[in-house]
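# An overview of the molecular structure
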Amino acid sequence: MEIFSFVDDIKRMDKRQAIYQVLNFGMIISTALMIWKGLMVVTGSESPIVVVLSGSMEPAFHRGDLLLLTNYEQEPIRAGDIVVFRIEGRDIPIVHRVLKIHEKDESYVKFLTKGDNNQVDDRGLYSPGQLWLEKKDVIGRARGFLPYIGMVTILMNDYPQLKYFILAVLGFFVLVHREN
């Protein structure tokens, strides 16, 4: 019975080993956060990785695809670019293609988006009275993708108990695992 051997391992840990395991767990969390912040700096995006949550961009991207984003200030947004944007009052970002650009000069650029698999543009999704998006609404531009890798995220959001179970099991193994 391996489960009982983990319990025995926990009972046999002295105070120093327990502190070491907690610190080890903290280092793993800190490393993940540093990698995320580093990606934010390198890509210029507040969220350098996003998961496609709907089928509105098929056939370009499918539900569960993991998108890699950049958001460099010096690069102008052009028609045909696939952008990830956030609408005021909504928490979940949207992945759609730029359909039209409305530009007076470099400081005044607005654009309209549409999902490849949608029949109409996104004006119905924007905030009431908003007809165009601005650069400030953009989280990033899709630069690459990994197919279906994000399904894990979708499953964990659809079934929160699964997320807590996986996190509890991983945390348990990190705390219990001892190096010889």
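Residues numbered from 1 in each chain as written. Predicted model: local features only at pLDDT ≥ 70, side-chain atom pairs only at ≥ 80, totals over all residues. Heavy atoms only, no water.

### What about the domain arrangement of the chain?
As assigned here, the chain comprises domain 1 (1-43), domain 2 (49-147) and domain 3 (148-179). On a C-alpha basis, the centroid separation for the pair domain 1 and domain 2 is 37 Å. Buried area between domain 1 and domain 2, both sides added, is near 310 Å², and the carbon and sulfur share of it is 53%. Looking at the side of domain 1 facing domain 2, the largest losses of area belong to Trp 36, Val 42 and Thr 43, adding up to 89% of the total buried there. Inspection of the region where domain 1 meets domain 2 yields zero salt bridges. Where domain 1 packs against domain 2, one counts two residue pairs in polar contact (both at pLDDT 80 or more). Taken together, the residues of the side of domain 1 that touches domain 2 break down into three nonpolar, one polar and no charged. (Domains from an automatic or database assignment. Buried area = accessible area lost by both parts, 1.4 Å probe. Salt bridge = Lys/Arg side-chain N within 4 Å of Asp/Glu carboxyl O. Polar contact = N/O pair within 3.5 Å; in protein donor to acceptor, adjacent residues only side chain to side chain. Nonpolar A, V, L, I, M, F, W, Y, C, P; charged D, E, K, R; others polar.)

### Focus: the pattern of salt bridges
One pass over the structure, following the stated rule, counts nine salt bridges. The closest approach of N and O atoms between Arg 86 and Glu 46, which form a salt bridge, is 2.7 Å. Highlighted residues: Arg 86 in the loop between strand S3 (82-85) and strand S4 (94-105) and Glu 46 in the loop between helix H2 (15-43) and strand S1 (49-51), separated in sequence by 40 residues. Judged by its relative accessible area of 30%, Arg 86 falls in the partly exposed class. Here Glu 134 and Lys 110 are joined by a salt bridge, their closest N and O atoms 3.6 Å apart. (Helix = DSSP H or I, 4+ residues; strand = E, 2+ residues; numbered from the N terminus. Buried < 20%, exposed > 50% of the residue type's maximum accessible area, 1.4 Å probe, protein only.)

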